[in-house]
Amino acid sequence: MKWLVKFILSFFSLIMLSAVMQLADAQQSVVAYWSFDSMVGDTFKDISGNGYNAIVTGTGVGLASGIKDNAVECPIGGGYDIAVANSANTFVMNHFSIEAWVSMDAVLTYNQQHILNFQNTTGSSRNGYALNLYNGSPTISFSSFDGTVWVNCTAGQIIQANTWYHLVGTFDSLNWRIYLNGVLQATSAAMGGINPPGANANIGCKRSSTGDFSYYLGGKIDELKVYNFTLPADSILSHYQLYAPPPGLVSPANSAVNQALTPTLTWSSINGASYTLQVSTNSTFLTTIIAQTGIVALSSTIAGLEDSTGYYWHVNATSSAGTSNWSGIWNFTTVPQLPDIPVLASPLDSTLNQPLSLYLIWSVANHAASYSLQVSTLSIFSSTVSNQSGLTSNIAMVNSLSNNAVYYWRANAANPAGTSLWSGIWRFSTAFTPPNVPVLLSPATGTIGQPNSLNVYWSAANLATMYSLQVSTSSAFLTTIANQSGITGESTAINGLPNDAEFYWRVNASNSGGTSGWSNAWSFIVGLTSASLLKKDNFEPTLSFKNGLISYSLNHQCPIDIRIYNILGRKIFELNRFQSPGSYSFSIPSLKLSSELYIVHFKAGTLERQMTVLGK
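Every value quoted in this text rests on a predicted model; they were computed, and no experiment measured them.

Of all residues in the chain, 91% attain a pLDDT of 70 or more, and the chain-wide mean is 87. The low-confidence segment residues 1–26, where pLDDT is below 50, has 0 contacts with residues more than four positions distant or belonging to other chains. A low-confidence stretch, residues 531–539 stays under pLDDT 50, and its non-local contacts, those more than four residues away or across chains, total 14 contacts.

Below you can see the structure in the form of structure tokens.
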């Protein structure tokens, strides 16, 4: 009989428990709900209809953009209170949940920041509970039933500022739990029931028993709800996914350029979700070249892209709660095609006699962004005399080359996709160094009695390959009676010179690198045995001065020198030149001198005169 009684009692207990659970399920509801979409006067309305309106006192509280429409902004500077009307006793429940979306303006890693505070401190007794951040980590805080112990059930994860997070704290009479973004973070055993604090709940701050406020949130709160039952884990995840933002794109960065043809695209995590990736060449995604679904990783490496092409991509997330919106649209551009190999252009291959500074030129290579140039004395380029890179033009100067040397050169092209092969190798040689100036040897300068035909001699000039000779009756070599070039030795013959004449001669040297200057001019006299015999009377010039005009005549080519001095002896004019036979005149008025006396010194050949003239 005892077993029957026990069975009957157990049966009725099950029936009663089932009835109680059914009644509890029927009464599960949202106790309070603040959407914070609008503020009427000083009030945020409880849209659950239960009358738990949030009344604002003080200043600083306002509306801000929320996870859904608007949110309440609770500045960390304080100076306000948001009190929940009628909540002093009715928020004491054996089963309940608090849910909120929070975005912090600043996260304090050394203090409390309160979201919903339903607690009070009376003497050494602390009562109630609070959903808050404790040292930057989401926390559900509660007291023991006797008020002697205060417990923080903390997620252990510091959140970031300016990011929306979904926080849920639950109580099932046995355990407190804290959830972050749909995932259970921590569980703490309850220490009896809830000891009523005897004061209304506060939003965005903590109220002490003396009526002071502290631990201001410093951020935004949205979709704040209080339930009279313990939300199950799957419902919490579903609530998070309802408003959870779509995946955030991570890399490559938006508008990135020169991306590989097989890039890896990455994005941020959405709890419990798989992902869909679309890649298109247009931002409307009317057509796609990549459409991957069911991706469980947070990245995907794609292939089949073309070089020098712009692509757009976005991602969404799918979970048991449904499919999120698409992420923002990012774009990137792939690397260009490898550049073509440049073709060398100038100087042509094997060109000789190039200067020691010259431009090297090659063709413009398709797809090239820059070029490199190498110049070496070795065809294997194991060392270089010029190694230039990053050139933005297809022409470059090389300097400080050596004479009579062979150089090899080549070029390549580069862009972000890589570097082309080197061009073919061309070579050029530089010119020789110009030779030294020759030194005359024979006949010695001033020699007289030379024959009508004679050999002249000079020293060998360093690096010379040939010489040129000039012979003239003028030391200025205004005219010549012999002008020979291409002389390969250090002497040559001069033939058919007239008697009784003075001749001047000079030599220079040349090679492929250039021509030296002329040697000093030496002179010799043909036929005569005495230089004085050249000073015959008919050689002397004539000079006259009349009406401001100085006139003179020359019957032989000779130098003239005219100098004019003022009465203080300062030279104010000079004319010095070598002139041929003939008559000449020189006008004093043309000099536009002032009306005073001047001294004119005239010298031509053997004639030397000095006269005084008037300037006007």
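Now for the sheet that holds strand β42 (residues 491–494). The strands making up a sheet associate through backbone hydrogen bonding, with each pair oriented either parallel or antiparallel. Taken together, the 3 strands give an open sheet; going across it, the order is β37-β39-β42, and neighbouring strands pair in antiparallel fashion. Strands with a single pairing partner mark the edges of an open sheet, and in this sheet they are β37 (440–442) and β42. When the angles between neighbouring strand axes are averaged without regard to direction, this sheet yields 35°. As paired elements, β37 and strand β39 (residues 454–458) share 2 bridges and run antiparallel to each other. Within the sheet, the bridge partner assigned to serine 442 lies in β39 and is tyrosine 457.

For the rest of this paragraph, the subject is the pairing of strand β10 (residues 137–143). Successive residues of a regular strand alternate their side chains across the two faces of the sheet. The buried fraction of β10 amounts to 7 of the 7 residues, a majority that puts the element mostly inside the structure. Side chains of β10 alternate between two faces, with Ser137, Thr139, Ser141 and Ser143 and Pro138, Ile140 and Phe142 buried alike. Relative to strand β11 (residues 150–154), β10 is paired through 5 bridges, and the arrangement is antiparallel. Each residue of the ladder has a partner; that of serine 141, found in β11, is asparagine 152. Where β10 hands over to β11, the hairpin turn is made up of 6 residues, of which glycine 147 adopts a positive phi near 75°.

So, on to the sheet that holds strand β28 (residues 344–346). The strand order β28-β30-β33 describes an open sheet built from 3 strands, whose pairing is antiparallel. The open sheet has two free edges, formed respectively by β28 and β33 (395–398), since each of these has just one partner strand. Each strand of the sheet is rotated relative to its neighbour by a mean of 35°, with strand direction disregarded. Relative to strand β30 (residues 358–362), β28 is paired through 2 bridges, and the arrangement is antiparallel. When the sheet's bridge partners are listed, serine 346 is paired in β30 with isoleucine 361.

What follows concerns the environment of serine 595. The topology assignment puts serine 595 in the loop between β50 (582–587) and β51 (597–604). Take serine 595: its relative accessible area is 58%, and that puts it in the exposed class.

Taken as a whole, this structure holds 7 salt bridges when the rule is applied. A salt bridge links aspartate 69 to lysine 68; the nearest nitrogen and oxygen atoms lie 3.4 Å apart. In this structure, lysine 220 engages aspartate 105 in a salt bridge whose closest nitrogen and oxygen atoms are separated by 3.3 Å. On the criterion of sequence distance, the pair formed by lysine 220 in strand β18 (residues 219–227) and aspartate 105 in the loop between β7 (96–104) and β8 (112–122) is long-range, its members being 115 residues apart. Since its relative accessible area comes to 34%, aspartate 105 is described here as partly exposed. The network of salt bridges with shared partners includes Asp561, Arg563, Lys571 and Glu574.

This brings us to the packing of aromatic side chains. Evaluation of the coordinates by the stated rule reveals 24 aromatic pairs. Both rings, one in phenylalanine 503 and one in phenylalanine 524, keep their centres 5.9 Å apart while their planes meet at 35°; by these two values the pair is tilted. Of this pair, phenylalanine 503 sits in strand β43 (residues 501–511) while phenylalanine 524 is found in strand β45 (residues 522–526), placing the two residues 21 residues apart along the sequence. Judged by relative accessible area, phenylalanine 524 falls into the buried class, the value being 0%. The interplanar angle of 55° and the centroid separation of 5.0 Å between the aromatic rings of tyrosine 552 and phenylalanine 602 together place this pair among those described as tilted. A residue pair is termed long-range when its members are at least 10 positions apart, and tyrosine 552 in strand β47 (residues 549–554) and phenylalanine 602 in strand β51 qualify at 50 residues. Of the two residues examined, tyrosine 552 and phenylalanine 602, each falls in the buried class. Site record: aromatic cluster; members linked through ring pairs are Tyr52, Phe91, Phe96, Phe118, Tyr129, Phe142, Phe171 and Trp176. Lying over the aromatic face of phenylalanine 477, arginine 506 brings its terminal NZ or CZ to 4.1 Å of the ring centre.

Let's shift gears to the nonpolar core. Counting 49 residues, the largest nonpolar core has Trp34, Ile82, Phe91, Tyr129, Trp176, Ile203 and Ile221 as the members making the most contacts within it. It is β7 that provides the largest number of residues to this core, a total of 5 residues. Once residues lying within four places of it in the same chain are set aside, the contact partners of tryptophan 176 are Phe96, Tyr129, Ile140, Phe142, Cys153, Thr170, Phe171, Ala186, Thr187, Ser188, Ala190 and Ile194. Among the nonpolar cores identified, the runner-up in size contains 24 residues, and Ala71, Ile290, Ile295 and Ala317 belong to it.

Right, let's get into a nonpolar patch on the surface. The grouping of Ile567, Leu568, Leu597 and Leu614 at the surface amounts to a nonpolar patch, some 460 Å² of accessible area in total. Position of isoleucine 567 relative to the elements: it lies in the loop between β48 (558–566) and β49 (571–579). Assessed through its relative accessible area of 58%, isoleucine 567 is described here as exposed.

Glancing now at helix α3 (residues 233–243). Taken residue by residue, α3 has Ile236, Tyr240 and Gln241 as its buried positions. Along the axis of α3, the buried residues cluster in a sector spanning 130°; they form a single face. In α3, the exposed residues that point more than 90 degrees away from the buried face are Asp234 and Leu242.

Each value, and the rule that gives it
Residues numbered from 1 in each chain as written. Predicted model: local features only at pLDDT ≥ 70, side-chain atom pairs only at ≥ 80, totals over all residues. Heavy atoms only, no water. pLDDT = per-residue confidence, 0-100. Contact = heavy atoms within 4.5 Å. Pairing = 2+ DSSP bridges. Helix = DSSP H or I, 4+ residues; strand = E, 2+ residues; numbered from the N terminus. Axes fitted to C-alpha atoms, helices over the stretch in contact; angles between N-to-C directions. Buried < 20%, exposed > 50% of the residue type's maximum accessible area, 1.4 Å probe, protein only. Salt bridge = Lys/Arg side-chain N within 4 Å of Asp/Glu carboxyl O. Phe/Tyr/Trp six-rings, centres within 6.5 Å; stacked < 30°, edge-to-face > 60°. Lys NZ or Arg CZ within 6 Å of the ring centre and 35° of its normal. Core = buried A, V, L, I, M, F, W, Y, C linked by side-chain atoms within 4.5 Å. Patch = residues over 30% accessible without salt bridge, like charges linked within 9 Å, V, L, I, M, F, W, Y side chains within 5 Å. Areas by Shrake-Rupley, 256 points an atom, 1.4 Å probe, with all protein chains shown as cover. Arc of directions from axis to C-beta.

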